[in-house]
Structures are given as C-alpha cells and as structure tokens.
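# Summary of the model geometry
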Amino acid sequence: LKLPTGKFDQTFADGPQAGEILDRGLQLGTGTFAGQGIDLQLKGSTAAMATASLTGVVDKNTIGSLTTAGLGNVGDGIKVSAFSNTSIQGLAIGTTGQGNIIANNGADGIDIERFNTAQVGNVSPVSIVDNNITLNKGDGVAISALGSYNGVTNGFVVNNNKITSNVNNGVHLHVEADANMDVNM
C-alpha cells in the first residue's frame, strides 16, 4: 500500500495465534524494506501542510519469537517512519491488557522516527502500551525526532511494557537539532 498522499486508518488486531509468527514482514508505505515485521512509512508531498496521515492499532500479535531466535525478523519488529509533510496521530502499539510480543528481532523491537516537517503525536499521542519487548538485537524501544517543525512537540506514551534483555537500551530517546519530544513513561 503506497501512501504518497491521503489517509490510512487500519487496525491490526487479533494477529497470529499462539505459536504462529509474523516473520516475513508486513510493509505499508514506500521506501526500503529491511526485514521488519511491520513497516509503516509515510512520505508526503511538497505541499506546505501534512497530507498523508496514519492512525490505527497494532495489537495482539507475535512479531518474532519468544522461544526461537532464528524465527525473529532480520530488521526491527515494528518500524514507523514519518517523513516530510505527514502526520501520525493516535497510533497505538498495544492496548491495555493485550499488547504484542515483540522478541528476537535483528534490530530494535519498536523503532519510531520522525523526520523534518512530519508531525507525530502532537494532537493525539502515539502510545506503546502493555507489550512484551525482549531479546531484540538493538534497543527495546527507539524513538527519534530529527529536525523541527515550527516548534511542534512530538508526543508519546510508553507505559506498562515489559522491556528486558535487549542488546542495547531498553528505551532510547533521540532528539536532534531543535526538535521537541514529550514522552510520558
């Protein structure tokens, strides 16, 4: 599904049942696929306002494997990228009492990157709630805000997750240039 402009609103719930593994990757958007379990990418146009937008839920999935390292994805478990003139609002990765198992992936468990003039969570925060994020080869959760957009603050909620035994950081927050990030943990 290519998202050069427009809106995408999708719920990924009731994913693979116990024992099934999301290991080939689901890619939504444009760009380079590098073995992620779920890859959500938004790229906008040259218009001055955010044109492509994403909201939705990723819940009740096994992304990688808790028990077998070789069944994890080559890249991130979940990768979310927002490029120029796009907007991600209210995206939920996991919900209260449910969540995802994101384990044994070759890079970060969850990696969210906001570039240039993209807007992420400034109206309705992006939430990462009640997930089991473990044994990934990078960070458990990595969130980056790169460059600013007229003082817009990017909002995230990271609560009630089990984040253990990842090779790098449990949670890595990266803010670059004059970007702003508000994280409730």
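Details of the structure are given in the entry above.
Since the model is a prediction, treat every value here as computed from it, not as a measurement.

### Focus: the overall build of the chain
Helix and strand content of the chain: 0 helices and 18 strands. Residues counted as buried form 48% of the 185 residues belonging to the chain. The contacts of the chain with a sequence gap of at least 6 include a subset with a gap of at least 24, amounting to 83%. Entry remark: accessible area of the chain is about 8000 Å², with carbon and sulfur atoms responsible for 50%.

### Quick word on the environment of Leu 91
Checked against the element boundaries, Leu 91 lands in the loop between strand S7 (86-88) and strand S8 (92-93). Separated by 35 residues in sequence, Leu 91 and Val 126 place their C-alpha atoms 4.9 Å apart. Apart from the residues lying within four places of it in its own chain, the contact partners of Leu 91 are Leu 40, Leu 54, Thr 55, Gly 56, Val 80, Pro 125, Val 126 and Ser 127.

### Observations regarding the sheet that holds strand S13 (residues 132-134)
Ordered by their spatial adjacency, 4 strands build an open sheet running S5-S9-S13-S16, and the pairing between neighbours is parallel. Strands at the two margins of the open sheet, each flanked by one partner only, are strand S5 (62-64) and strand S16 (162-164). Within the sheet, the average angular offset between the axes of one strand and its neighbour, ignoring direction, is 5 degrees. Bridge count for strand S9 (residues 101-103) against S13 is 3 bridges, and the pairing is parallel. When the bridges of S13 are listed, Ile 101 appears paired with Asn 132.

### Remarks on unusual backbone geometry
With a phi close to 60 degrees, Lys 60 is a non-glycine residue in the positive phi region. Structurally, Lys 60 is set in the loop between strand S4 (52-58) and S5. Even without being a glycine, Asn 104 presents a positive backbone phi close to 60 degrees. The topology assignment puts Asn 104 in the loop between S9 and strand S10 (110-115). Taking relative accessible area as the criterion, Asn 104 reaches 9% and is therefore assigned buried.

### As for the pairing of strand S3 (residues 38-42)
When you tally the buried positions in S3, you get 5 out of 5 residues, the bulk of the element. Of the two faces of S3, the one carrying Ile 38, Leu 40 and Leu 42 and the one carrying Asp 39 and Gln 41 are both buried. Both S3 and strand S6 (residues 78-82) contribute to a ladder of 5 bridges, which runs parallel. In the strand pairing of S6, Ile 38 is matched with Ile 78.

### Here's the deal with the packing of aromatic side chains
In this structure the tally under the stated criterion is 1 aromatic pair. Their ring planes at 0 degrees and their centres at 4.8 Å tell us that Phe 83 and Phe 115 sit as a pair that is stacked. With Phe 83 in the loop between S6 and S7 and Phe 115 in strand S10, this pair connects stretches of sequence that are 32 residues apart. The exposure class of Phe 83 is partly exposed, given its relative accessible area of 25%.

What counts, and at which threshold
- Residues numbered from 1 in each chain as written.
- Predicted model: local features only at pLDDT ≥ 70, side-chain atom pairs only at ≥ 80, totals over all residues.
- Heavy atoms only, no water.
- Helix = DSSP H or I, 4+ residues; strand = E, 2+ residues; numbered from the N terminus.
- Buried < 20%, exposed > 50% of the residue type's maximum accessible area, 1.4 Å probe, protein only.
- Contact = heavy atoms within 4.5 Å.
- Areas by Shrake-Rupley, 256 points an atom, 1.4 Å probe, with all protein chains shown as cover.
- Pairing = 2+ DSSP bridges.
- Axes fitted to C-alpha atoms, helices over the stretch in contact; angles between N-to-C directions.
- Phe/Tyr/Trp six-rings, centres within 6.5 Å; stacked < 30°, edge-to-face > 60°.

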